[in-house]
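# Remarks on the overall topology
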Amino acid sequence: MSTELELADRWCRGLLRGHYENFLVASPFLPRELRPHFARLYAYCRTVDDLGDESEGDAAGRLRLWAEDLDRCFAGRPPVHPVLFALADTVRRFELPQEPFRDLVAANLQDQSVRQYRAWPELHDYCRRSAAPVGRVVLRLLRVRDDAADVLSDDVCVGLQLANFAQDVSVDAAKGRTYLLQGEIGELGVPGAVRAMCERAAALLRSGRELEAMLAPRPCAQVALYRMGGEAILDAIGRARYRTDERRPEVSLATKARLMLAAFLELGRARSSRARGATGEV
């Protein structure tokens with residue numbers, strides 16, 4: 001008979017497998033023992049986003065109920081929702097703080113009332129709650145506790161989110177919101193604003209290479225996969241002439257396969273670099 005945790009993990013894996021992403025969230029590069037924890041983190045983020053974006057009616061009320069269940073998760077009481085039931089095990093094992101998870105809820109609550117952003121400082125402040133917390137939790141799952149790594153991770157996660165914003169212009173418009181900066185739309189038009197968003201995302205994603213150099217080989221390959229997925233969707237947006245208000249581009253399966261190969265090569269380089277360091281080679 002399946003235990004409650006096994007059933008909850010099955011729910012998390014279903015969410016992970018059932019949604020399109022620009023990269024593999026928990027690829028074979030991750031050590032096997034970490035994959036359930038990455039699936040739980042993804043399921044948490046996916047559920048919070050769906051409560052904010054996909055649930056009709058009182059989305060804010062549902063998010064507040066979710067925050068109450070999150071409090072139970074961190075207070076040592078059994079949460080109601082299976083995703084939080086599974087996450088509670090990860091929280092205990094890795095001694096995770098609650099703040100990143102609460103920040104994600106706060107960002108989705110903000111989405112219920114804020115429908116557009118005038119300038120970059122306003123959007124960046126939002127991204128600090130909606131994207132950066134995910135990377136910080138990922139680093140804790142990788143047993144990385146380093147201030148410099150946190151800053152680089154923030155850049156990568158915000159870059160990935162900006163790439164998604166540029167990708168999802170038509171999707172967001174159907175929900176009555178846009179993350180394209182109003183000042184840039186007025187000055188450059190929609191395609192120009194999409195291009196400006198892509199350029200900002202690309203600059204932030206470049207921090208990924210410095211972050212990857214700080215990690216062990218297998219985590220390095222996984223994080224490289226995130227960065228390259230972001231860069232791949234930026235390339236696809238460019239090929240679409242930045243008209244994502246007309247059509248949403250995606251990263252093809254063939255491209256994802258090439259990214260896996262590129263990440264595998266990154267893994268080899270990381271292992272070689274570590275071996276040279278261990279033997280004192282220059």
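Before reading on, note that the structure itself is shown above.
Residues numbered from 1 in each chain as written. Predicted model: local features only at pLDDT ≥ 70, side-chain atom pairs only at ≥ 80, totals over all residues. Heavy atoms only, no water.

## A few points about the overall build of the protein chain
The line we're drawing: Helix and strand assignments follow DSSP, with helices taken as H or I runs no shorter than four residues and strands as E runs no shorter than two, numbered in order from the N terminus. Radius of gyration here is computed from C-alpha atoms only, and the compact-globule reference equals 2.2 Å multiplied by the residue count raised to the power 0.38. The cut-offs for exposure are 20% and 50% of the maximum accessible area for each residue type, with area from a 1.4 Å probe on protein chains only; residues under the lower value are buried, those over the upper are exposed, and the others partly exposed. Pairs of residues are marked as contacts when any of their non-hydrogen atoms sit within 4.5 Å. Accessibility throughout is a Shrake-Rupley quantity obtained with a 1.4 Å probe, and a residue counts as covered only by protein chains that appear here. Charge assignment: positive for Lys and Arg, negative for Asp and Glu; neither His nor the chain ends contribute. Where a charge lies is defined by one atom per residue type: Lys uses NZ, Arg uses CZ, Asp uses CG and Glu uses CD.
When helices and strands are counted, the protein chain shows 13 helices and zero strands. Each helix and strand of the protein chain, ordered N terminal to C terminal, gives the series α-α-α-α-α-α-α-α-α-α-α-α-α. Against the globule reference of 19 Å for 282 residues, the protein chain gives a C-alpha radius of gyration of 19 Å, in line with a compact fold. Counting only C-alpha atoms and orienting by the principal axes, one finds that the protein chain spans roughly 55 × 50 × 35 Å. Buried positions account for 51% of the 282 residues belonging to the protein chain. Relative to all contacts within the protein chain whose residues are 6 or more apart in sequence, the contacts with residues 24 or more apart total 73%. Put simply, the protein chain shows about 13900 Å² of open surface, and 52% of that area lies on carbon and sulfur atoms. Considering the protein chain, the positive charge centre built from 41 side chains and the negative charge centre built from 40 side chains are found 5 Å apart.

## Here we look at the environment of alanine 202
Looking at the element boundaries, alanine 202 is found in helix H10 (residues 182–205). Spatially, the C-alpha atoms of alanine 202 and serine 272 are 27 Å apart, while their sequence positions differ by 70 residues.

## A look at the packing of aromatic side chains
This is how the line gets drawn: Stacked, tilted and edge-to-face are the three classes assigned to paired rings of Phe, Tyr and Trp, where Trp is represented by its six-membered ring and a pair needs centres within 6.5 Å; plane angles under 30 degrees give stacked, over 60 edge-to-face, the rest tilted. For a lysine, the NZ atom is tested; for an arginine, the CZ atom; a charge sits over a ring if that atom is within 6 Å of the ring centre and within 35 degrees of the ring normal.
Considering all chains together, one arrives at nine aromatic pairs under this definition. Their ring planes at 50° and their centres at 5.6 Å tell us that tyrosine 44 and tryptophan 66 sit as a pair that is tilted. With tyrosine 44 in helix H2 (residues 35–53) and tryptophan 66 in helix H3 (residues 59–75), this residue pair connects regions lying 22 residues apart in the sequence. Relative accessible area serves as the criterion here: at 5%, tryptophan 66 is assigned to the buried category. Both rings, one in tyrosine 117 and one in tyrosine 179, keep their centres 6.2 Å apart while their planes meet at 15°; by these two values the pair is stacked. Here tyrosine 117, found in the loop between helix H5 (99–111) and helix H6 (120–130), pairs with tyrosine 179, found in the loop between helix H9 (169–174) and H10; they are 62 residues apart in sequence, far enough to count as distant. Assessed through its relative accessible area of 3%, tyrosine 117 is described here as buried. Accessibility expressed as a relative area gives 6% for tyrosine 179, which makes it buried. Through successive ring pairs, a cluster of aromatic residues spans Tyr44, Trp66, Phe74 and Phe101. The positively charged end of arginine 200 is found above the aromatic ring belonging to tryptophan 120, 5.0 Å away from the centroid.

## Remarks on the nonpolar core
Where a protein is soluble and globular, its nonpolar side chains tend to be buried together. The condition that has to hold: For this analysis, a nonpolar core means a set of buried residues of the types Ala, Val, Leu, Ile, Met, Phe, Trp, Tyr and Cys, connected via side-chain atoms within 4.5 Å.
Grouped together as the largest cluster of nonpolar side chains are 82 residues, with contacts concentrated most on Tyr44, Leu123 and Leu162. At twelve residues, helix H12 (residues 217–239) tops the list of elements feeding residues into this core. In this view, leucine 162 contacts Trp120, Leu123, Cys127, Met197, Arg200, Ala201 and Leu204; residues no more than four positions away in its chain are not counted.

## A look at H10
Inclusion rule: Expected helix span is taken as 1.5 Å per residue step, with the number of steps being one fewer than the number of residues.
Taking 1.5 Å of rise per residue, the 24 residues of H10 would be expected to cover 34 Å, yet its terminal C-alpha atoms sit only 23 Å apart, more than 12% below that figure. Residues of H10 that are buried include every one of Glu184, Gly192, Ala193, Val194, Ala196, Met197, Cys198, Arg200, Ala201, Leu204 and Leu205, and no others. On its buried side, H10 packs onto H6, helix H8 (147–167), H9, helix H11 (207–212) and H12.

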